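As a plain string of letters, each chain reads:
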Amino acid sequence: MEADNNLFEFADFDELESEHIVAPRYSYWKSVWRTFFKNKFTVGVAVLLIFIICFALIQPMLSGYSPIITPNINNADMKFLKPSAEHIFGTDHVGNEVFDAVWAGARNSIIISFVCTFINMLVGIPIGALWGFSKKMDRWMIEVYNIISNIPFLLLAMILSYVLGAGMRSLIITMTCTEWIFVAYFIRTQVMIIRDREYNMASKCLGTSTWTMILRNILPYLISVIMTYVSRQIPSLISYEVFLSFMGLGLGTTNASLGQSISMYTSYMNGYPHLFWIPVGVLAIISISLYIVGQRLADAADPRTHM
Amino acid sequence: MSNEKNGREVILSVKHVDISFEVGHKKRFDAVKDANFDIYKGETFALVGESGSGKTTLGRAILRINPCSAGEILFEGKRISGKISHEEDRNVVRNIQMIFQDPAASLNERATIEYCVSEGLYNFHLYKDEADRIAKVDRALESVGLLPEHKSRYPHEFSGGQRQRVGIARAMIMDPKFIVADEPISALDVSIRAQVLNLMNKLKVEKNLTYLFIAHDLSVVRFIADRIAVIHRGEIVEIAESETLFEYPIHPYTVSLLSTVPMPDPIVEKSRKHIVYDPSQLDQSGEKRELKELRPGHFVLANSKEFAAYEEKITRLEKERAGR
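Residues numbered from 1 in each chain as written. Chains lettered and ligands numbered in written order. Predicted model: local features only at pLDDT ≥ 70, side-chain atom pairs only at ≥ 80, totals over all residues.

Caption draft 1: Inspection of the overall build of chain A at higher detail. Secondary structure assignment for chain A yields eleven helices and zero strands. Reading chain A from its N terminus to its C terminus gives the helix and strand order α-α-α-α-α-α-α-α-α-α-α. A burial count over chain A gives 35% of its 307 residues as buried. (Helix = DSSP H or I, 4+ residues; strand = E, 2+ residues; numbered from the N terminus. Buried ≥ 20, exposed ≤ 12 C-beta atoms within 10 Å, placed from the backbone.)

Caption draft 2: Focus on the overall build of chain B. Each helix and strand in chain B was counted, giving eleven helices and 13 strands. Computed over C-alpha atoms, the radius of gyration of chain B comes to 21 Å, within 12% of the 20 Å expected from 2.2 N^0.38 for 324 residues, which places it in the range of a compact globule. Viewed in the frame of its principal axes, chain B has a C-alpha envelope of about 65 × 50 × 45 Å. Within chain B, the proportion of its 324 residues that are buried is 40%. Long-range contacts, defined here as pairs at least 24 residues apart, represent 63% of the contacts in chain B between residues at least 6 apart. (Rg over C-alpha atoms; globule rule 2.2 N^0.38 Å. Contact = placed C-beta atoms within 7 Å.)

Caption draft 3: Spotlight on the interface of chain A and chain B. Between chain A and chain B, the residue contacts involve 22 residues of the former and 26 residues of the latter. Those elements that provide at least two residues to the side of chain A that touches chain B are α8 (198-205) and α9 (210-246) of chain A. The element best represented in the side of chain A that touches chain B is α8 of chain A, accounting for seven residues. Of the residues that constitute the side of chain A that touches chain B, the class distribution is eleven nonpolar, four polar and seven charged. (Nonpolar A, V, L, I, M, F, W, Y, C, P; charged D, E, K, R; others polar.)

Caption draft 4: Fine view of unusual backbone geometry. Notably, His 16 of chain B is not glycine yet its phi reads approximately 45 degrees, a positive angle. With respect to the helices and strands, His 16 of chain B occurs in strand β2 (residues 8-22).

Caption draft 5: Representation of the sheet that holds strand β8 (residues 178-182) of chain B within the structure. Residue and element names in this part refer to chain B. The strand order across the open sheet built from eight strands is β7-β8-β9-β4-β10-β11-β13-β12, with neighbouring strands paired in mixed fashion. With one partner strand each, in any of the chains shown, β7 (96-99) and β12 (290-295) form the two edges of the open sheet. Between one strand axis and the next, the sheet turns through 20 degrees on average, direction left out of account. As paired elements, strand β10 (residues 227-232) and strand β11 (residues 235-241) share six bridges and run antiparallel to each other. By the bridge assignment for β11, Ile 231 is matched with Ile 236. (Pairing = 2+ DSSP bridges. Axes fitted to C-alpha atoms, helices over the stretch in contact; angles between N-to-C directions.)

Caption draft 6: Structural view of the nonpolar core. Ranked by size, the top nonpolar core spans 89 residues in total, and within it Ala 46, Ala 169, Leu 212, Phe 213, Val 221 and Ala 229 of chain B carry the most contacts. Filtering out sequence-adjacent residues up to four positions away, Ala 169 of chain B remains in contact with Val 117, Ala 140, Leu 141, Ser 143, Val 144 and Leu 146 of chain B. With 60 residues, the next largest nonpolar core counts Ile 112, Trp 131, Ala 157 and Ile 278 of chain A among its residues. (Core = buried A, V, L, I, M, F, W, Y, C linked by C-beta atoms within 7 Å.)

Caption draft 7: Just the packing of helix α1 (residues 28-38) of chain A against helix α11 (residues 273-300) of chain A, in detail. Residues and elements named next belong to chain A. Viewed as axis vectors pointing N to C, α1 and α11 meet at an angle of 135 degrees, and their least axial separation amounts to 8 Å. With respect to each other, α1 and α11 are oriented oblique. Note that α1 runs across α11; the crossing there is right-handed. The residues of α11 that touch α1, namely those facing Val 32, Thr 35 and Phe 36, are Arg 296, Leu 297 and Ala 300. Of the residues contributing to the contact of α1 with α11, the split by class is four nonpolar, one polar and one charged. (Parallel < 35°, antiparallel > 145°, perpendicular 65-115°, else oblique. Left-handed = near helix turned anticlockwise from the far one by under 90°.)

Caption draft 8: Local environment of the pairing of strand β13 (residues 298-302) of chain B. All names here are of chain B. Burial of β13 is extensive: four of the five residues sit out of reach of the surface. Direction of pairing for β12 relative to β13: antiparallel, over a ladder of five bridges. Bridge pairing links Lys 292 to Val 300 in β13. In sequence, β12 turns back onto β13 through a hairpin of two residues, with Gly 297 there showing a positive phi of about 80 degrees.

Caption draft 9: The environment of Asp 34 of chain B, seen in detail. Residue and element names in this part refer to chain B. Summarising the element assignment, Asp 34 is placed in strand β3 (residues 28-40). For Asp 34, a count of 19 C-beta atoms within 10 Å gives the class partly exposed. Through-space distance from the C-alpha of Asp 34 to that of Ala 70 is 8.3 Å; in sequence the pair is 36 residues apart. In contact with Asp 34, other than residues within four places in its own chain, are His 16, Asp 18 and Glu 235.

Caption draft 10: Inspection of the packing of α9 of chain A against helix α10 (residues 258-265) of chain A at higher detail. Residue and element names in this part refer to chain A. Relative orientation of the contacting elements α9 and α10 amounts to 45 degrees, with a least axis distance of 7 Å. What the angle tells us is that α9 and α10 run oblique. As for the relative orientation of α9 and α10, their crossing is right-handed in sense. Contacts from Glu 241, Val 242, Phe 243, Leu 244, Ser 245 and Phe 246 of α9 reach α10 at Leu 258, Gly 259, Gln 260, Ile 262 and Ser 263. In terms of residue class, the contact of α9 with α10 is made up of six nonpolar, four polar and one charged.

Caption draft 11: Representation of the pairing of β2 of chain B within the structure. Residues and elements named next belong to chain B. In the sheet, strand β1 (residues 4-5) pairs with β2 via two bridges, with the strands oriented antiparallel. Bridge pairing links Glu 4 to Glu 9 in β2. Linking β1 to β2, which pair antiparallel, is a turn of two residues; within it Asn 6 sits at a positive phi near 50 degrees. Two elements, β2 and β3, share nine bridges in a ladder whose sense is antiparallel. Across the sheet, residue Ser 13 finds its bridge partner in β3, namely Asp 38. By the bridge criterion, five bridges tie β2 to strand β5 (residues 70-75) in an arrangement that is antiparallel. For Ser 13, the partnering residue across the bridge sits in β5 and is Leu 74.

Caption draft 12: Looking closely at helix α1 (residues 55-62) of chain B. Residues and elements named next belong to chain B. For α1, the buried fraction is high: seven of the eight residues fall into the buried class. Of all the residues in α1, the buried ones are Lys 55, Thr 56, Leu 58, Gly 59, Arg 60, Ala 61 and Ile 62. A positive backbone phi angle near 65 degrees is found at Arg 64, which sits one or two residues after α1.

Caption draft 13: Main features of helix α11 (residues 304-323) of chain B. The terminal C-alpha atoms of α11 of chain B lie 29 Å apart, and with 20 residues this matches the ideal 28 Å at 1.5 Å per residue to within 8%. With two of 20 residues buried, α11 of chain B is to be regarded as a mostly surface element. (Expected span 1.5 Å × (residues − 1).)

Caption draft 14: Structural detail: the environment of Ser 113 of chain A. All names here are of chain A. Assignment of secondary structure puts Ser 113 in helix α3 (residues 98-133). Judged by the 25 C-beta atoms lying within 10 Å of it, Ser 113 falls in the buried class. Residues Ser 113 and Glu 241, spaced 128 residues apart in sequence, show a C-alpha to C-alpha distance of 7.7 Å.

Caption draft 15: Up close: the environment of Ile 181 of chain A. Structurally, Ile 181 of chain A can be placed in helix α7 (residues 179-195). Linking Ile 181 of chain A and His 93 of chain A, residues 88 residues apart in sequence, is a C-alpha distance of 42 Å.

Caption draft 16: Structural detail: the confidence of the model for chain A. In this model, chain A carries a mean pLDDT of 87, and residues with pLDDT of at least 70 account for 99%. Mean pLDDT across the elements of chain A ranges from a minimum in α10 of chain A, with 83, to a maximum in α7 of chain A, with 94. (pLDDT = per-residue confidence, 0-100.)

See below:
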């Protein structure tokens, strides 16, 4: 059978036309937020967290709470009141509002953990990135790491609190002076994993300097793991603070802190358990929501979840 | 000048280069042994061998990624191996560029195409102002058949062939003189291999480039290369003009390698015999082998006894071909 040639014609073919990409433009940060906001539970926890943090920062300013101001210390009627509409979390052994004490404590704990995490990351990430990149630096840095990581933390905290005295400044120094090296070590390992990938060799062939490579080739790949690390570091530093204050090595008796409250109220656990459980509960809510939001943010920052 | 040979300008010469790696404690593995060849300006020189034969290692030594443990590499008559000044190092980067095997692995997934292509421009500040840089990137993308609108895209949005062309654009924007192409098409789909090869040939003519083309696929090499070096276990066993090598393969390894090239003809394929390379058929007297010139431009790795045998073999082959 002969095909009728008139029925056919040559289709136009444009080489450049086939190069077009029809998919919508990809934007990394837009995709991160889209993935993050897709989960309603996460958004709920994030809203709760933001509310708690704002409340903890603002409420103490209004109440002016300080553990050494005790106007009701001689008024027996104001002591050990149960939570009620008038006294939301009840009152404590000196007649102060537990509500005020808890939020003033939460404020200090949150500030300390955020500041310490920020300092640790600021110091740890650049040093860790360079450490992972340079084989020469690795040889001596690993010895420095071995020495510093073998100093018992509690011993260091005790000595520093004797030397520097109690207070926010010395607590921040205690929780940053050795902690940064663990961040650096973590980053070093992560950098080593992707250091020898081919695109880094390509950059080297184009004459890119080490710092530019760290900034453009390495750190963007580490956003997700750094976020995971931060989301674990903040709650863990809050519990460090609580632990040190509980041991009497923290902020000292003149400053409110969650650890201080918990340690103070532990003695009344049998008679007035709410005094103990309320600060512990607030601590748990802050830690858990920080952890959940951080983890979900870290997941969203991983481009494998964007598809 | 010293960098002239047989009336042609030598752009790169590899002189008795050994490359070895430390394996464990005090043990060394020789990846490349006594490599010795010249590459002329404007030609495509192919380095062919099976995986693990040291061809990529040698290519990377030219780019100063792998250090040579002996011998030296000269580029335009100047030594570029071992310790050289920072300025000379920058000069090597400007003039010698690489096209990588795997386009998916060799592009930074977290950077836009615009950044990937202008990386070299940034490093050497090869632009007057932002507008000039953008114009250069556009021109480079256009020269490899991509569109200016691709600048804001990320590598994972492209097909393999497009990504490889981004890799080529990134190398070409530096205006290099010499390109090491490390198996540039072996990770690509068969349907777009020709496109990339044609592009490379086009750019070679336009920009007066010299290629070192590393490959394991002989049919591709025959299409693109002017001269071919066959490398086996770190040793170059034969160097010849492309057609000569296919017509008069002398070294047993070359013969066996050529016998594995598939033919798109079922009848020929059916009667084809694979020749297995057996090193025991070489002379076992222990006499040191070196690359010897059998015919002008045709080198083969041999000691004196083997050389005599190869001489006999090529004379026989020449007679056969002439009588046909």
